[in-house]
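# Structural overview for review
Here is what each chain is made of, one letter per residue.
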Amino acid sequence: MNIKISYSPYQLKPQHLLNSNASAEERSGFLLKVEWPEDGRVGYADLHPWTELGDASIEDQMSDLRLGRMSSQIEQSVWLADRDAHMRKEGRGIFDSMPSVRNNFIVTDFSKVNEELLAQLLKQQFTSLKVKVGRDLAKEARFVNQVAAKGFSLRLDFNAAASLSTVKKFIHDLNPSTLSKLEYIEDPIPFDMEEWALLRQLVPLALDNQFSRVDWSEVTAVPFDVLIVKPAKIDVSKAVQICQQFKLRATVTSYMDHPVGVMHALGIAMDLKKKFPNMMNDPGCLTHTLYQMDSFSAAVTAQGPYFMGAKDVGIGFTSLLEKLTWYKLKTF
Ligand code: MG
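All values reported here derive from a predicted model rather than from experimental measurement.

## Re the coordination of the magnesium ion
- At this site the magnesium ion is bound by Asp157 (OD), Glu186 (OE) and Asp208 (OD), with donor distances of 2.1 to 2.3 Å.
- Read N to C, the donor residues that coordinate the magnesium ion are spaced as D-x28-E-x21-D. In this pair, Asp157 is assigned in strand S6 (residues 153-157) and Glu186 in strand S7 (residues 182-186), connecting sequence segments 29 residues apart.

## Comments concerning the sheet that holds strand S4 (residues 105-107)
- If you walk across this open sheet you meet the seven strands as S4-S5-S6-S7-S8-S9-S10, and the pairing is parallel. Two strands in the sheet have a free side with no partner beyond their single neighbour: S4 and strand S10 (249-252). Looking at each pair of strands side by side, their axes are set apart by 25° on average, direction ignored.
- Of the strand pairs in this sheet, S6 and S7 are connected by four bridges, and their pairing is parallel. Note on S7: the bridge partner recorded for Arg155 is Tyr184.

## Things to note about the packing of aromatic side chains
- Evaluated as defined, the whole model comprises 13 aromatic pairs.
- Ring-pair connections join several aromatic residues into one group, and the members of that group are Phe191, Trp196, Phe211, Trp216, Phe224 and Phe246.
- Here the basic side chain of Arg27 rests over the ring of Trp50, its NZ or CZ set 3.4 Å away from the ring centre.
- Over the aromatic face of Trp36 sits the side chain of Arg41, whose NZ or CZ is 4.5 Å from the ring centroid.

Rules behind the numbers
- Residues numbered from 1 in each chain as written.
- Predicted model: local features only at pLDDT ≥ 70, side-chain atom pairs only at ≥ 80, totals over all residues.
- Heavy atoms only, no water.
- Donors = N, O, S within 2.8 Å, 3.2 Å for Na, K, Ca; no water.
- Helix = DSSP H or I, 4+ residues; strand = E, 2+ residues; numbered from the N terminus.
- Pairing = 2+ DSSP bridges.
- Axes fitted to C-alpha atoms, helices over the stretch in contact; angles between N-to-C directions.
- Phe/Tyr/Trp six-rings, centres within 6.5 Å; stacked < 30°, edge-to-face > 60°.
- Lys NZ or Arg CZ within 6 Å of the ring centre and 35° of its normal.

Right under this line is the structure:
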């Protein structure tokens, strides 16, 4: 079936540093509008590469697309746009007859978190904090101990930027009561079967951006407990199949991208929770607040860890998306 792709560039301004590999500069991405002229469907998705984490640049992906080659990331965006287009055509929204999901609170810069904010988060019914670590491990261990003592459960993410010895030292610096509140450590070090197996004896582990380093066709058992499912990056049905095969739990997260990407991830999180309630952890889609507010994030309503559904179709934002300037790119 023929498709037509148009794009609309955007910028996001981070409130704080976003992870151990990224700077605080403005982040660029493209919203994609995908049309299926044969049945009149239109759907939208985000394209937000993280070159710091190994994605091809937006320029490279778009110039490949002009030549008729779709990067795997654009393939995911088109798949999500297709999902959105079906819902729009049927007049359904992502929230329709879906279970509500409780999201973790994300901490990209722990130095900005004080007692007052933690008290506020507890009051708002957040139960789980995801903390990006790897900049100052001694201070981060103190912070994590402090947060666990307040009763939060924790997800820590090193973005594979640490070494085995530093992660071991970090875990050693955590209180036993903190360890009991630790849901998992995500991508502690670059993926390695033996080294991850050593760490897994100490704490539960989650695999995220190290996914492509696992030789999936060869392994019969894996040294981690959770798969992070980012619909912006990973084939969702393949991820589900892997979780079933290796008896893993799954956490759906956004890609710290545009609110369009956030709502797509949320839609998948709700969908998978409905289909596989016993496999799914609470998701981590509440990331639009990491950036300064724009018209899209202003249209997203969340109460504590929960998103509130808007009266709209597909992933929402209909009037905002229709007002954007779209540049024609390609017909396939
Ligand atoms: Mg991660």
